[in-house]
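# Commentary on secondary and tertiary structure
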Amino acid sequence: MDRAQVGDLLALVNATLNATSAVALATGYVFIRKRKTHQHRKAMLVALGSSALFLVFYLTRVSFTGCLLYTSPSPRDHLSYLVCRLLLEKGGGGGGGGG
């Protein structure tokens, strides 16, 4: 198995761990709304554990494959990226003192 295949496998593992964490967080939210604190705690521990494992596997993948830069052949993709950045920017103007 070469580095690229290991990287692909680790990416799949990372996606699974992220999905597990998301499901555990949503489940924990439902439990806390129902005041089931013991089950909420278990769900949060599962979310924490899967997030910690994600970090380990992510760093392992990056060490195997290096950082991959995203390049798009379409200028439209870059434009949508810039629009999203502008919409999500805090403060709306950048650099002002606020006074």
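Anything mentioned here points back to the structure above.
## Remarks on helix α1 (residues 3–33)
Given a rise of 1.5 Å per residue, 31 residues ought to cover 45 Å, and the 45 Å separating the end C-alpha atoms of α1 matches this to within 8%. Within α1, burial applies to Val 6, Gly 7, Leu 10, Asn 14, Leu 17, Ser 21, Ala 24 and Gly 28. Looking one or two residues past α1, Arg 35 carries a phi angle of roughly 60 degrees, positive in sign.

## Let's talk about helix α2 (residues 37–65)
Taking 1.5 Å per residue as the helical rise, α2 with its 29 residues ought to reach 42 Å, and the 41 Å between its terminal C-alpha atoms agrees with that figure. Those residues of α2 not exposed but buried are Ala 43, Ala 47, Ser 50, Arg 61 and Val 62. Those residues of α2 that are buried are in contact with α1.

## Quick word on the packing of aromatic side chains
A complete count under the given rule lists 1 aromatic pair for this structure. When the centroid spacing of 5.8 Å and the interplanar angle of 25 degrees are considered together, the rings of Phe 54 and Tyr 58 count as stacked. You can see Phe 54 and its partner Tyr 58 sitting in helix α2, 4 residues apart, about one turn around the helix. Here Tyr 58 falls in the partly exposed class, since its relative accessible area comes to 32%.

## Thoughts on unusual backbone geometry
Notably, Arg 35 is not glycine yet its phi reads approximately 60 degrees, a positive angle. Tracing the sequence through the fold places Arg 35 in the loop between α1 and α2.

What counts, and at which threshold
- Starting from 1, residues in each chain are numbered consecutively following that chain's sequence as written.
- pLDDT decides what is reported in this predicted model: residues at 70 or higher carry local features, side-chain atom pairs at 80 or more are listed and counted, and totals for whole chains, interfaces and linings draw on all residues regardless.
- Hydrogen atoms and water are omitted, and side-chain values are computed over all heavy atoms in the structure.
- Comment: elements are numbered from the N terminus, with helices defined as DSSP H or I runs of at least four residues and strands as E runs of at least two.
- Residue count minus one, scaled by 1.5 Å, sets the expected span of a helix.
- Between buried and exposed lies partly exposed: a residue is buried under 20% and exposed over 50% of the maximum accessible area for its type, with that area taken using a 1.4 Å probe on protein chains only.
- In what follows, a contact means two residues having at least one pair of non-hydrogen atoms within 4.5 Å.
- Note on ring pairs: Phe, Tyr and Trp rings are taken, using the six-membered ring of Trp, and paired if centres are within 6.5 Å. Classes follow the plane angle, with under 30 degrees stacked, over 60 edge-to-face and the rest tilted.

These figures capture arrangement, not role.
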